[in-house]
Amino acid sequence: MTRLSLAALVALGLAAAAVATAEIDTDARALLGDDGSIVSALDTADGRSALLAVVDADRERRNAIARAIVEDLADEPMVARASAGVMTPPPGLADWLWRERFTLSPPPPPAFASEAMTMELMSARAALTSVGGGGLAHYYLLDPTGSFRRLIEALALAAGGGLPVADGVVQSLDDRAALVTIELAARPFDVDAQRALDRSIIEHVEHAGAEAIMVGPRPIAARVSAGLERSSKIVAGVGGGLLLLWLVAVLRSALSLARVCLPLAIGLAGAVLAVQTVFGSVHVVALGFGGALTGLALDYPLHLLSHARTGGDMARTRRLILLGASTTGVAFLSLLGAGIPAIGQVGLFVAAGLSAAAVAAIAIGVEGESRHAWQSPRRTPPPAIRWKLPALAILGLVAGAVVSVSSGPGTRGLFELPSAVTESIAALDRMIGLPSGRYRIEVEASTLGSLLAQQRRLEKVLAEARAAGAIGRSSMLADKLPGGDDPSLPDVEAFAAALSGGLRKAGMREGFGAEIIDAYRKALQGPPLGSGEVAPMAGPLASARLVRVEGDRLVATVSLWDVADPARIEDAVRGLSGVRFIDEQTALSERLDQLIARIGVCFLIGIAGCATILALALRSVRPVVEILASCLAAAALAAASLAIVGDGISVFTLIALALVVGIGIDYGIFLTSSEDPEASAVALSSVGLCASTTLIAFLVMAFFGTGLLRDIGMTVSIGVAATAVASSLRQKWSVGRG
């Protein structure tokens, strides 16, 4: 009891420390790496945007609900701003647009005629004195060329996306929904907080008798995470309950049950503390793989109990447990070289957890466990066979061939959208015509003027693509702006001469002309807009979907609709300087393939380290070959099975295969290194007990999990069954062992 009591105190202390210090991380960059290939979409202006559709046949009622939602969100700290009408420019953006109006909207030559200036001045004066005219009308007066007015009107029209407006509220194309645009605050993404905000908005709409459809990167990410969390809780509850019932039935002792569960608890808490100490946070991916410890961490005390109850060699059992933990730990530690923080955390989590569990199981011991007659080995182990290694080699080659011709992981290698989310996106697409989420074009340049000129050249290419039926339509910054190519503007003297006549005809005092001329001179003297000049307004510009700053370059996105021939578009833009056609799905698949290849190389290095440790510990090459052949063939069979009935090999199923290899090494150490029939029978009984607990945990995951969890559960279940069978069969060598 003393050792068990001390272990319980250690487990409680470690658990309390883990709860107090662990910081859970959900940043997507920790999964993909922050090397610029794929950025964290949730941290961008687009990532913080959301769109709410209030669906109701009664236009007046849905408009009232939309306005009420906007009023409620005005005081919500998670929301930067919300609008049911056309979104106005963010604070500060209007001033910046004024200063750079000639770059964004160069006035045509006719705008400098006295008559044209007269009309602009009279219109601006009327706007200044009208209800709600204030603000921007003062700028209109200072720009009689109309450049700023046309710019603001064009951007306001573009902000509406061509959608109809009724009573100041933007409507869907089918006149079934009122639309609310939401810009979330620039704060770290929090799943629980986002879900709470989404629920409150949806409940408000539904309580008012309408239907709510809400989409956006953060709301979708929160729904995906919530679905995975619900599935994980179901798996944990069902699997934990069945596992506990099985252990109670097998062990028939509360003390024995405590000896099995305490090492697992110590391993989990120790793993969390190790990752928190090294990385400064614990990613949800690493935490989720704590379930992997259930498959191996329980094995160590079960090996001890099984050997104690069947009269096995306890000293040898302890040595083999430490050997198994060290080899599996080395295999998973190799993931630190993957270059992906979350995957590296998985490696450290499993390695640290298994090491702590193995040491705890040995420290707790099995004193007081008596031999159970009903548990004594009754079956003679199967005889050694000569064809084991050739059969495993053939199995591995066939399975490898199946995997090689299977499809890659695609985007589902990282996440799977719930059907409710895809249905919401499809419904919104029918209402407002969403741009392609897969294809887009990016244009970059050193100055804003060069970027707009490149976009105008691109527009000519896209016009040909539209005529050929390759795309339906496109949208870019250049076509949101009035005017065409930058004309040569009159000098200050010529402008002043024309202005004098315009002021006189408009009935305005000549003295006001000095302010107008000064504003014109400043606009002419402004430097070319590079990244340094645009950087102070990078946030508002990105929020307004205009342009963003990346290093010393300016980048603008061209949205595409109804892409029918992406290859034609890609070929057409290839010759344009600073223009890139982007296929998000292909880019993500390539990134995942690179990630999988990198993880595969790390595991090969880890397996080589395991082989070295096994050879040194067992002092023989033959058992090492037999152990690795069994577990690698089992992993290949699991991979092939998943390729046939699943969706290919993904990042997480690859890590699940590593767990299969780790379990196979653990089983192989006990079964292959047993020298006599009695020891082999004891080892077979021990491995059978361990395999049964692992299968219970992961079969529940395979049948009750969804998407990612289902694939992991299926992979490990098939692999564990295969490695248990393969390891129980002994290779018969032609000469003596050694």
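For clarity, every value in this text was computed on a predicted model and none was experimentally measured.

### Topic: the overall build of the chain
Counting its secondary structure elements, the chain contains 30 helices and 13 strands. Residues counted as buried form 51% of the 738 residues belonging to the chain. Within the chain, residue pairs in contact and separated by at least 24 positions form 81% of the contacts whose partners lie at least 6 positions apart. When the accessible area of the chain is evaluated, it comes to approximately 31900 Å², of which 61% is carbon and sulfur surface.

### A look at the environment of Leu 335
Its place among the elements puts Leu 335 in the loop between helix H15 (314-333) and helix H16 (341-364). In this structure Leu 335 comes out as buried when scored by relative accessible area, which is 0%. Here the alpha-carbon distance between Leu 335 and Arg 598, two residues 263 residues apart in the chain, equals 9.2 Å. For Leu 335, the contacting residues outside a window of four places in its chain are Ile 343, Gly 344, Val 346, Gly 347, Ile 599 and Phe 603.

### Here we look at the packing of aromatic side chains
Per the stated rule, a full pass over the model turns up nine aromatic pairs. Consider the rings of Phe 112 and Tyr 520, whose centres lie 6.2 Å apart with planes at 80 degrees: the pair is edge-to-face. One end of the pair, Phe 112, is in the loop between helix H5 (101-104) and helix H6 (114-129); the other, Tyr 520, is in helix H22 (residues 513-525), with 408 residues separating them in the sequence. A relative accessible area of 2% means that Tyr 520 is categorised as buried. Pairing Tyr 140 with Phe 148 gives two aromatic rings, centres 6.0 Å apart and planes at 55 degrees, and the pair type is tilted. Look at Tyr 140 and you get buried, because its relative accessible area is 16%. Pairwise contacts between aromatic rings join Trp 98, Tyr 139, Tyr 140 and Phe 148 into one cluster. The ring of Phe 102 has Arg 101 lying over it, and the distance from NZ or CZ to the ring centre is 4.8 Å. The ring centre of Trp 561 lies 3.8 Å from the NZ or CZ of Arg 473, which sits over that ring.

### A closer look at unusual backbone geometry
Positioned with a positive phi, Asp 167 is a non-glycine residue whose angle comes to about 55 degrees. Positionally, Asp 167 belongs in the loop between strand S4 (165-166) and strand S5 (169-170). Phi is positive for Asp 175, close to 60 degrees, though the residue is something other than glycine.

### Describing helix H19 (residues 448-467)
The first and last C-alpha atoms of H19 sit 29 Å apart over 20 residues, in line with the 28 Å expected at 1.5 Å per residue. One or two residues past the end of H19 sits Gly 469, with phi positive at roughly 80 degrees.

### Digging into the nonpolar core
Across soluble globular proteins, nonpolar side chains have a tendency to be buried as a group. Of all hydrophobic cores here, the largest spans 96 residues; its most connected members are Ile 599 and Ile 665. Element by element, the count of residues in this core is highest for helix H28 (residues 651-672), at 16 residues. Counting residues in each nonpolar core, the second largest holds 60 residues, with Met 476, Phe 495, Ala 523 and Leu 554 among its members.

### Things to note about a nonpolar patch on the surface
A cluster of nonpolar side chains, contributed by Ile 234, Leu 699, Phe 703 and Phe 704, occupies part of the molecular surface with about 430 Å² of accessible area. Here the nonpolar patch takes three residues from helix H29 (residues 677-704), the largest share from any one element. With respect to the secondary-structure elements, Phe 704 resides in helix H29. We classify Phe 704 as partly exposed; its relative accessible area is 44%.

### Observations regarding the pattern of salt bridges
Applying the stated criterion across every chain yields a total of 17 salt bridges. Across the pair Arg 59 and Asp 175 runs a salt bridge whose closest N-O atoms are separated by 2.9 Å. Linking Arg 59 in helix H3 (residues 59-73) with Asp 175 in the loop between S5 and strand S6 (177-184), this pair joins segments that are 116 residues apart in sequence. Glu 442 is paired through a salt bridge with Arg 440; the nearest N and O atoms lie 3.1 Å apart. For Glu 442, a relative accessible area of 5% corresponds to the buried category. Residue classification places Arg 440 among the partly exposed positions, given a relative accessible area of 21%.

### Re the sheet that holds strand S3 (residues 79-83)
Picture the strands of a sheet paired through backbone hydrogen bonds; they go either parallel or antiparallel. If you walk across this open sheet you meet the four strands as S3-S6-S2-S7, and the pairing is antiparallel. Because the sheet does not close on itself, it has two edges, and the strands there are S3 and strand S7 (211-215). With strand direction ignored, the average angle separating the axes of adjacent strands in the sheet is 20 degrees. Judged from the four bridges that link them, S3 and S6 form a sheet pairing that is antiparallel. Within S6, the residue paired with Ser 83 across the bridge is Thr 181. Against the sheet, helix H9 (residues 191-207) contacts strand S2 (49-55), S3, S6 and S7, and its axis sits at roughly 150 degrees relative to S7.

### Topic: the side chain of Ser 630
Counting through the fold element by element, Ser 630 comes out in helix H27 (residues 621-645). Using a relative accessible area of 2% as the deciding quantity, one classes Ser 630 as buried. Reaching out from Ser 630, the side chain makes a polar contact with the backbone oxygen of Glu 626 at a distance of 2.9 Å. With residues near it in sequence (within four places) discarded, Ser 630 still touches Lys 388, Leu 392, Thr 723, Ala 726 and Ser 727.

### Points about the packing of helix H26 (residues 584-618) against H28
In helix packing, the relevant descriptors are the interaxial angle and the interaxial distance, both defined with respect to the helix axes. Closest axis-to-axis distance for the H26/H28 pair is 10 Å, and the angle between their directions is 10 degrees. Viewed along their axes, H26 and H28 adopt a mutual orientation that is roughly parallel. For the pair H26 and H28, contact is made by Leu 592, Leu 595, Ile 596, Ile 599, Gly 600, Phe 603, Cys 610 and Leu 614 and by Val 651, Leu 654, Ala 658, Ile 665 and Ile 669, respectively. Among the residues forming the contact of H26 with H28, the class breakdown is twelve nonpolar, one polar and no charged.

### Quick look at the packing of helix H1 (residues 2-21) against H16
Between H1 and H16, the least distance of the axes is 9 Å, while the angle of their chain directions is 150 degrees. Of the possible angle classes, the one that applies to H1 and H16 is roughly antiparallel. Residue-level inspection shows Arg 3, Leu 4 and Ala 7 of H1 in contact with H16, the latter providing Ile 362, Ala 363 and Ile 364. Within the contact of H1 with H16, the residues separate by chemical class into five nonpolar, no polar and one charged.

Scoring rules and cut-offs
- Along each chain, residue indices are assigned from 1 in the same order as the chain's sequence is written.
- Restriction of local features to residues with pLDDT of at least 70 applies here, the model being predicted, together with a cutoff of 80 or more for giving and counting side-chain atom pairs; totals for whole chains, interfaces and linings are based on all residues.
- Each side-chain value is worked out from all heavy atoms of the structure, with water and hydrogens disregarded.
- Secondary structure elements are defined from DSSP: runs of H or I of at least 4 residues count as helices, runs of E of at least 2 residues count as strands, and each element is numbered from the N terminus.
- The cut-offs for exposure are 20% and 50% of the maximum accessible area for each residue type, with area from a 1.4 Å probe on protein chains only; residues under the lower value are buried, those over the upper are exposed, and the others partly exposed.
- We call two residues in contact when some of their heavy atoms are within 4.5 Å.
- To be clear on the numbers: accessible area is Shrake-Rupley with a 1.4 Å probe, and residue cover counts the displayed protein chains and nothing else.
- Think of it this way: a Phe, Tyr or Trp ring, Trp meaning its six-membered ring, pairs with another when their centres are within 6.5 Å, and the plane angle makes it stacked under 30 degrees, edge-to-face over 60, tilted otherwise.
- Note on criteria: charge over ring means Lys NZ or Arg CZ within 6 Å of the ring centre, with the direction from the centre no more than 35 degrees off the ring normal.
- To estimate the expected span of a helix, subtract one from its residue number and multiply by 1.5 Å.
- Put simply, buried Ala, Val, Leu, Ile, Met, Phe, Trp, Tyr and Cys residues joined by side-chain atoms within 4.5 Å make one nonpolar core.
- Candidates for patches are residues over 30% relative accessible area with no salt bridge; among them, like charges are joined within 9 Å and nonpolar side chains (Val, Leu, Ile, Met, Phe, Trp, Tyr) within 5 Å.
- Salt bridges are counted wherever a side-chain nitrogen of Lys or Arg sits within 4 Å of a carboxyl oxygen of Asp or Glu.
- For two strands to be treated as a pair, DSSP must find no fewer than two bridges joining them.
- For helices, the fitted axis covers only the stretch in contact; all axes are lines through C-alpha atoms, and the angles between them, taken along N-to-C directions, range from 0 to 180 degrees.
- Polar contact is the term for a pair of N or O atoms within 3.5 Å; when the atoms are in protein, one must be able to donate a hydrogen and the other to accept it, and sequence-neighboring residues count only if both atoms are side-chain atoms.
- Oblique is the label for any angle not under 35 degrees, not over 145, and not in the 65 to 115 range, which are roughly parallel, roughly antiparallel and roughly perpendicular in turn.
- Side-chain classes are defined by residue name, with Ala, Val, Leu, Ile, Met, Phe, Trp, Tyr, Cys and Pro counting as nonpolar, Asp, Glu, Lys and Arg as charged, and the others, Gly among them, as polar.

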